[in-house]
Structure formats: structure tokens, C-alpha cells
Amino acid sequence: MRLSDLTETTADALRGAGAALLDVMTPTLRLGVTGLARSGKTVFITALVRSLVAGGRLPFFAAMAEGRVARAYLQPQPDDAVPRFAYEEHLGLLANDPPRWPESTKRISQLRVTIEYAHTTAFRRALGPGRLHVDIVDYPGEWLIDLPLLELSFADWSLRAVKDARAPHRVEAGKDWLELVSTLDPDSPADEQTALTGAGLFTRYLQAARTPDPELTAPGPGRFLLPGDLAGSPLLTFFPLPPARDAAYQRGSLGAMLARRFESYKSHVVMPFFRDHFARLDRQIVLVDTLSAVNAGAAALADLQRTLEAVLKCFRPGANTWLSGILARRIDRLLFAATKADHLHHTSHDRLEAILRLLADKAMARAAFAGAEVKTLALASLRATREAEAKSGRQRLPCIVGVPLPGERLGAKVFDGKAEAAVFPGDLPDDPASLLAPSGRVALAADSVHFLKFRPPRVSLESPSGEEPALPHIRLDRAIEFLLGDRLL
Ligand SMILES: Nc1nc2c(ncn2[C@@H]2O[C@H](COP(=O)(O)OP(=O)(O)OP(=O)(O)O)[C@@H](O)[C@H]2O)c(=O)[nH]1
Ligand SMILES: [Mg+2]
């Protein structure tokens, strides 16, 4: 080896060490993205990352609008045990011809974007350019259902679960499972077959209870509904079984076995999620398909309000519980976002926001929530429609125009996935409270409008000019500003 080789190696090593040091010294913001199944998490993250790394049209995201973002790029994600968010795959589907929405995702995943930016003040600029790692964590909202379990014993949980299943709107779904429970003696000897049968019936009950009640108020455990990697695992082979008397379960009994598995579920499934992911979040966005709830009427909106309350309680457990100890690093900003706002004309976007704000305010009051800054927003991460005016006699009606996916129906018409359709989405009411009254169904002109699924716009990965065209969205930039803006000053 020559001396020059050696110095080069040393220089390389030093550069490498320098980069590693820079990396460690760069502040990190962990951004949680959650919401129930199909609420729009994957589309939101894909659009967010794309807009950051390829430069979007984001007038309300100050750092970008002021030209202070030098570059943003993907980095290997730091947690080896967490699957990486499949950004390129999701984007690839949107770049297909015809473009397709991403596949459903059922697991937690994570992605790191690093933003290099210029500070706002001369004083800070003297310190050199700013850098921020944004670790985006996508996790199913169903997993939040499990948080309250950490504070419950098996006996208490069992008593609650049985009471829950006896509620009038659930009793039909829970019939078979309740019947089994009524025949079982918790002090009978432990038996694997009974555990399997009971867990099977309990899971079926949870799934059936969820169909008309898809919000978070659905009873847990969340992994029974969305098992992910745990499908078929013995960790899920238990079910609630109230004790015979208020005494503890006897040793070697069925009750004791189920109680042990419940504790294992807490320590092997729930706790790691909260400790390794949830408790480390700095910011959180909760995506809510508000429009579906509006379309479904007052009862669905009341459900949605309970959901928001449950979510808020997760983020601020009671002051003196041990959970609040774990959540030492607390979320300081929480954004509730009504997704898919492109199903409405822009004149209704503020109204959609007002509906979600009203529900969030009520939920905050009930959950005695304070501390974090909470914002509500109506957005479309990836806008699939444009606006037009249709003439009806002398009247001009504001419409939305898009290409419905093949097989979508509107009245008698079945769409082929190629033809455009102009629909009049109806107006949301001025006063959101009117929707919450028992008779408060909205006069949305065509209820089916929201359920028309439109094709996403085609994402072009390259353009002849070399500039990557910005993705269409609604208010995505305001969401980014709220979630990241103050960390890029
Ligand atoms: N029009 C419109 N539709 C959207 C938008 N975002 C999501 N969608 C629709 O909602 C569906 C679900 O979006 P995803 O991002 O996959 O939702 P998710 O929360 O990741 O769903 P899971 O992975 O199943 O939990 C998409 O397939 C689209 O049909 C949007 O901004 N506009
Ligand atoms: Mg997803």
C-alpha cells in the first residue's frame, strides 16, 4: 500500500465519520400518520414525500414558498426492525398507465426524509444551513384501540367486554360468543381447544360488531381485527372470561391460562408498539374519512366524535396513570384531517373543516384534553377531480369532474374507467351543528357521489423539461406547514 492510498483511505474515513457525526447531530422529528383502514394514510405519505423531494406547489408551506428548502431526500431509515414505507412502489402504481391507487397496507412502516434548508434569521444563518430528519411512521389506527388495555387487568377487561357485547346494537353479533362464555367455568382445568374455540368466536364477534360500527369505539384488541404479522399466532389465542367470583382465577384453570395470555399480548404486542413507536412520536396526524360519516348521518357523526375522543385519550392519558410516565416525550401538535376533500366543490371545503372542528372541540371537552396544539383541516392528498360549472336551465351548478374507476355506478350508469363524469356533489350546510341533530341528515344532492371512486391523477416521474411536475392536492401544504413549519425556521 502506498502512502497516498493510506491518506486517501483516512480522508474517506474522516469524511464518513463527518457524515455520521452530522447525521447524529441533525435533529429528528418523528411524525405519526394514522387513521382507520382506507382513511388515506398511504396516499397522504406518498404525496407528502413526493412534494418534499420533488418540489411541489406548496404556497402555504413557508419554507418551500420562501425558497429556503435547498433539497429534501430519502435516507435509509434508522430503525432496522421496522419495515420501510414502500414509497417507490406506491408511486410506481400512480405512474402506471392508467394510474392506480396504492394497495392496502396493514402494518407499521417508516421512512426518513432529510430536509436541508436555510434559516430565517441572519443570526441562525451564520451557524450554517439547517438540517432536519423527518421520520414518518405509518401505523393502523386500529392499534390505538389497544392502549387502554395496558391499564386493565384480565378480570376487569373481561367484565367490560361482556358488558360491551350485551349492548343492544352488538348483541346480535356477539350472540355465539356470549353463549359460549355463559357455559364456561373459569375455574375448570385449562384446555387449549376451548381457548381456540373461544378466540375464534370472539374474533368473529369483533369483526361483525365492526361492520356497522367501523370507528375506534369498536371493542379491542386491535390485532384481533387487524392481525398483520400475528395472524394465527398463539399470542392471539385468548378471549375475555369474567371470573366466577371477584376473587382471582385459580391456578391451572382455564381462566388463569387466558389471563396469562392476555398479559403476554400486552407485554409482547401492545407494550412494544407503544414504547418503540407511539411514545416516541413528536407530531401526529390522524386522517378521518369525515365525508363518509356526513353521508351516513347523525349517528355516524356521533360515532366519529367518540372516536376522536378515544384518540385524544390515547395521546393524553390521565395525569396520574403510569402510562403518562411512558409518554414523557409528548406530542405537541396534533392534526385531525378530513381526507378526500376533492369529492366536494371548493365552496364546501371550509364547511367540511368546520364539521370536523366541531366534533374535535366536543371530543376535546369530553376528554378534558389540553396541552398539545390541535388543528383540523380538510384536505385531498392527491386531487383526483377538477371543478367545472354545469348549466341547468338558467342555473349554473358547481360540479366536480373526474374519471370514475371501472365498475363504479351512478344511478343506472356503470363507468368503464375511461369516461369522465361531471357530478354535482351538493353543498355542506353552513352550520355544522345542524348535522348533529338526530334528524340532521344533509341534503347532499347525490349521496352516492362520495362513494364514486375516481381514478387518481397520473403521476409523471419525468418530464421532457427535466422538471418534475407538481402533484395536484388540496391544502396538503397547510398540513405540512402545521406539522413541520416551526422546525424549519
Ligand atoms: N379522491 C381521493 N381519494 C383518495 C385520496 N386519498 C385516498 N383516497 C382513496 O382512499 C383509498 C384508500 O387510501 P389509502 O391511502 O390506501 O388508505 P390507507 O389508510 O393507507 O388504507 P389501509 O392501508 O387499507 O389502512 C384510496 O385507494 C383512494 O381510493 C384523495 O386525496 N382523493
Ligand atoms: Mg395504507
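The coordinates are above.
This report concerns the structure included in the present document. These numbers were taken from a predicted model, which means no experiment stands behind them.

Regarding helix α12 (residues 298-315)
In an α-helix, one turn spans 3.6 residues, which is why side chains three or four residues apart end up on the same side.
Argument step 1. Taking 1.5 Å as the rise per residue, α12 with 18 residues should run 26 Å; its terminal C-alpha atoms sit 26 Å apart, in good agreement.
Argument step 2. Within the sequence span of α12, burial applies to Ala298, Leu301, Asp303, Leu304, Gln305, Thr307, Leu308, Glu309, Val311, Leu312, Cys314 and Phe315.
Argument step 3. Close packing links the buried residues of α12 with β5 (283-288), α11 (290-296), β6 (333-338) and α14 (349-366).

Details of the coordination of the magnesium ion (ligand 2)
Argument step 1. For the magnesium ion (ligand 2), the full set of protein donor atoms is Thr42 (OG1) and Thr105 (OG1), and the range of their distances to it is 2.0 to 2.1 Å. Here Thr42 is found in helix α2 (residues 41-54), whereas its partner Thr105 is found in the loop between α4 (87-95) and β3 (109-117), with 63 residues between them in sequence.
Argument step 2. Overall, the relative accessible area of 8% leaves Thr42 in the buried class.

Details of α4
Argument step 1. All of the buried residues in α4 are Tyr87, His90, Leu91, Leu93, Leu94 and Ala95.
Argument step 2. Summarising the contacts, the buried residues of α4 are in contact with α2, β2 (69-75) and β3.

Remarks on the packing of aromatic side chains
Argument step 1. As enumerated under the stated definition, the model contains 19 aromatic pairs in all.
Argument step 2. Between the aromatic rings of Phe154 and Phe262, the centroid separation amounts to 5.5 Å while the plane-to-plane angle is 55 degrees, which identifies the pairing as tilted. Of the two residues, Phe154 sits in helix α6 (residues 154-165) while Phe262 sits in helix α10 (residues 254-276), which places them 108 residues apart along the sequence.
Argument step 3. Between Phe224 and Phe238, the aromatic rings sit 5.2 Å apart at their centres with planes inclined by 75 degrees, giving edge-to-face as the arrangement. Of the two residues, Phe224 is situated in helix α9 (residues 222-225) and Phe238 in the loop between α9 and α10; the sequence distance between them amounts to 14 residues.

Cut-offs applied
Residues numbered from 1 in each chain as written. Chains lettered and ligands numbered in written order. Predicted model: local features only at pLDDT ≥ 70, side-chain atom pairs only at ≥ 80, totals over all residues. Heavy atoms only, no water. Helix = DSSP H or I, 4+ residues; strand = E, 2+ residues; numbered from the N terminus. Expected span 1.5 Å × (residues − 1). Buried < 20%, exposed > 50% of the residue type's maximum accessible area, 1.4 Å probe, protein only. Contact = heavy atoms within 4.5 Å. Donors = N, O, S within 2.8 Å, 3.2 Å for Na, K, Ca; no water. Phe/Tyr/Trp six-rings, centres within 6.5 Å; stacked < 30°, edge-to-face > 60°.

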